[in-house]
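Remarks on the overall topology
Each chain, letter by letter, is given below.
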Amino acid sequence: PSERLARVSFVCLTRVDCFCEYELRVLRDRLETCTDAPLIESRHLPVRLHPLWGAPPLAWQEASRQRWHLACGIGKPEGFLRSVKRHGVTVSGESRFPDHHRYVRADLDAVRGRALAAGSSAVLTTLKDAVKLERLHAPGGLPWYALEAELAVTKGMELLERLLYATLGLWRDK
């Protein structure tokens, strides 16, 4: 509830690159009416592809040359899709599973079937999903990769550093 925002020390908006400028302005304006807390903003930047089950190494910079089928079981799969597309990746299809999904072999076979039917050259998933997929055997037919992303603070980095140092009881000279 918005009334709880009055008690927060700061607000951190993530994945701001997934919103248009109008949506961000509306969100920022709404936050200003609920709290005086400073605002930190960030986005996720894809940095590396991790091959699964012996897939050949592939640099993230080469991802735009593939036709990808996305497979994920995360809370906001549309954020994963938007983030990947925003970085020039061609998405030929997707398979969405519930958040915290416990994958079984039939799931991988279904993903592979959909990916092949869509003309995909590889399957892309999240690192969160890759951890759960590793226990299963490789589905064959297509290489699978997990996307590693890092958090990039786009607004309020100095504030975030001050808060972290204060919370950890550390002193930092500038």
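Everything discussed here concerns the structure shown above.
The paragraphs below set out a description of the structure included in this document. Bear in mind that the values here come from a model prediction, so they are computed numbers and not experimental data. (Residues numbered from 1 in each chain as written. Predicted model: local features only at pLDDT ≥ 70, side-chain atom pairs only at ≥ 80, totals over all residues. Heavy atoms only, no water.)

1. Looking at the packing of aromatic side chains
Applying the stated criterion across every chain yields a total of three aromatic pairs. Summarising the aromatic geometry, the rings of Trp 68 and Tyr 145 are spaced 5.6 Å apart at their centres and angled 80° between planes, so their arrangement reads as edge-to-face. In this pair, Trp 68 sits in strand E3 (residues 67–72) while Tyr 145 sits in strand E6 (residues 144–155), placing the two residues 77 residues apart along the sequence. Like Trp 68, the residue Tyr 145 is buried in the burial classification. Between Phe 97 and Tyr 103 the ring centres are 5.1 Å apart and the planes differ by 70°, which places this aromatic pair in the edge-to-face class. Across the pair, exposure class does not vary: Phe 97 and Tyr 103 are buried alike. (Phe/Tyr/Trp six-rings, centres within 6.5 Å; stacked < 30°, edge-to-face > 60°. Helix = DSSP H or I, 4+ residues; strand = E, 2+ residues; numbered from the N terminus. Buried < 20%, exposed > 50% of the residue type's maximum accessible area, 1.4 Å probe, protein only.)

2. Some thoughts on a nonpolar patch on the surface
Residues Leu 164, Tyr 165, Leu 168 and Leu 170 make up a contiguous nonpolar surface patch of about 390 Å² in total accessible area. Secondary-structure assignment places Leu 170 in the segment after helix H5 (157–168). (Patch = residues over 30% accessible without salt bridge, like charges linked within 9 Å, V, L, I, M, F, W, Y side chains within 5 Å. Areas by Shrake-Rupley, 256 points an atom, 1.4 Å probe, with all protein chains shown as cover. Salt bridge = Lys/Arg side-chain N within 4 Å of Asp/Glu carboxyl O.)

3. Examining the sheet that holds E3
Across the sheet, six strands lie side by side as E1-E2-E6-E5-E3-E4; this open sheet has mixed pairing. The sheet is open, and its two borders are formed by strand E1 (11–13) and strand E4 (90–96), each paired with just one other strand. Mean inter-strand twist for the sheet, computed between neighbouring axes without regard to direction, equals 35°. Of the pairings in the sheet, the one linking strand E5 (residues 122–126) to E6 comprises four bridges and is parallel in character. Opposite Thr 125, over in E6, you have Ala 146 as the bridge partner. (Pairing = 2+ DSSP bridges. Axes fitted to C-alpha atoms, helices over the stretch in contact; angles between N-to-C directions.)

4. Some thoughts on the nonpolar core
Counting residues in hydrophobic clusters, the biggest one holds 17 residues, and the most contacted among them are Leu 49, Trp 68, Phe 80, Leu 124 and Tyr 145. Of all the elements in the fold, those that place two or more residues in this core are E3, helix H2 (77–86), E5 and E6. Look past the residues within four positions of Leu 49 in its chain and what remains in contact with it is Leu 58, Ala 59, Trp 60, Ala 63, Trp 68, Leu 124, Tyr 145, Ala 146 and Leu 147. Within the second largest apolar cluster, 14 residues are counted, among which are Phe 97, Leu 108, Leu 136 and Leu 142. (Core = buried A, V, L, I, M, F, W, Y, C linked by side-chain atoms within 4.5 Å. Contact = heavy atoms within 4.5 Å.)

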